[in-house]
Amino acid sequence: MAKIILTHEVTGLGAAGDVVEVKNGYARNYLLPRGFALTWTRGGEKQVESIKAARAARAHATVEAAQAQAQALSSKKVKLEVKAGESGRLFGTVKPADVAAAVEAAGLGAIDKRNVELPNHIKSVGSYQANVRLHEDVSAVIDLEVVASK
């Protein structure tokens, strides 16, 4: 087992700044190369506080504010224009950053792209859903309408 410090939130594992133990292969082959974690050292414990402070600065001030934004996100469909071919296949894929930008452009507030979870790759036009974690206790489901840009 390897002891690591998470630098990003990993679903099912923990939030940024948490110290967790995972299997060696998971840490070595997935978390560390993608920048989701750092190896734990005594000196690394000092980084935990700075990571948690940065996470707190990005978080909503209160649960009520997060719930209000979740209500707004769930009530409106977000339109996302992307380049697509004649058959409706996209040139590329929709990324969490694209979803975050579309939400902000729709006037529903700013969300962090790291908190957007897409269930699977979006590679064609149509209707999809994305999950957004707004607070530790609050998440929202966004209805996405992916359309071809003109």
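Residues numbered from 1 in each chain as written. Predicted model: local features only at pLDDT ≥ 70, side-chain atom pairs only at ≥ 80, totals over all residues. Heavy atoms only, no water.

## Considering the overall build of the protein chain
- Counting secondary structure elements, the protein chain contains 4 helices and 7 strands.
- Of the regular secondary structure in the protein chain, the N- to C-terminal order runs β-β-α-β-α-α-β-α-β-β-β.
- Sorting the 150 residues of the protein chain into buried and exposed places 31% on the buried side.
- When the accessible surface of the protein chain is split by element, carbon and sulfur atoms take 50% of a total near 9,100 Å².
- The average position of the 20 basic charges and that of the 16 acidic charges among the side chains of the protein chain differ by 7 Å. (Helix = DSSP H or I, 4+ residues; strand = E, 2+ residues; numbered from the N terminus. Buried < 20%, exposed > 50% of the residue type's maximum accessible area, 1.4 Å probe, protein only. Areas by Shrake-Rupley, 256 points an atom, 1.4 Å probe, with all protein chains shown as cover. Lys, Arg positive; Asp, Glu negative; His and termini not counted. Charge placed at Lys NZ, Arg CZ, Asp CG, Glu CD.)

## Structural notes on the pattern of salt bridges
- Under the definition given, this model contains 3 salt bridges.
- A salt bridge links Arg-114 to Asp-112; the shortest N-O distance between them is 3.1 Å.
- A salt bridge links Glu-117 to Arg-133; the shortest N-O distance between them is 2.3 Å. Of the two residues, Glu-117 is situated in strand S5 (residues 116-117) and Arg-133 in strand S6 (residues 126-133); the sequence distance between them amounts to 16 residues.
- Here Glu-117 falls in the partly exposed class, since its relative accessible area comes to 23%. (Salt bridge = Lys/Arg side-chain N within 4 Å of Asp/Glu carboxyl O.)

## So, the UniProt feature "domain: Ribosomal protein L9" (unreviewed entry) in the protein chain
- Residues annotated by UniProt as "domain: Ribosomal protein L9" (unreviewed entry) correspond here to residues 14-41.
- Strand forms 25% of residues 14-41 and helix 29%; the C-alpha atoms that close the span are 18 Å apart. (UniProt positions renumbered as here; feature names shortened; annotations may be inferred.)

## Re the nonpolar core
- Leu-73, Val-94, Val-103, Ile-111, Leu-134 and Ile-142 are the most contacted members of the largest nonpolar core, which has 24 residues in total.
- Sorting the residues of this core by element identifies helix H3 (63-75), strand S4 (77-82), helix H4 (96-105), S6 and strand S7 (139-148) as the ones contributing at least two each.
- Setting aside its immediate chain neighbours within four residues, Leu-73 contacts Val-103, Leu-108, Ile-111, Leu-134, Ala-140, Val-141 and Ile-142.
- Core analysis: the second largest hydrophobic core is formed by 9 residues, Ala-2, Val-10, Val-20 and Ala-37 among them. (Core = buried A, V, L, I, M, F, W, Y, C linked by side-chain atoms within 4.5 Å. Contact = heavy atoms within 4.5 Å.)

## A short note on the sheet that holds strand S3 (residues 37-39)
- A sheet is described by the order of its strands in space; here 3 strands give the open sequence S2-S1-S3, paired in antiparallel fashion. Because the sheet does not close on itself, it has two edges, and the strands there are strand S2 (19-22) and S3. Taking the axes of each pair of neighbouring strands and ignoring which way they run, one obtains an average angle of 40 degrees across the sheet.
- Note: strand S1 (residues 2-6) against S3, 3 bridges, orientation antiparallel. Pairing of Leu-6 across the sheet is with Ala-37, part of S3. (Pairing = 2+ DSSP bridges. Axes fitted to C-alpha atoms, helices over the stretch in contact; angles between N-to-C directions.)

## A short note on H3
- The end-to-end C-alpha separation of H3 is 18 Å, in line with the 18 Å expected for 13 residues at 1.5 Å each.
- Restricting attention to buried positions, one finds in H3 the residues Ala-66, Gln-69, Ala-70 and Leu-73. Viewed along the axis of H3, the buried residues span an arc of 105 degrees, placing them on a single side of the element. Pointing more than 90 degrees away from the buried face of H3 are the exposed residues Glu-64, Gln-71 and Ser-75.
- Considering only its buried residues, H3 is in contact with H4 and S7. (Expected span 1.5 Å × (residues − 1). Arc of directions from axis to C-beta.)

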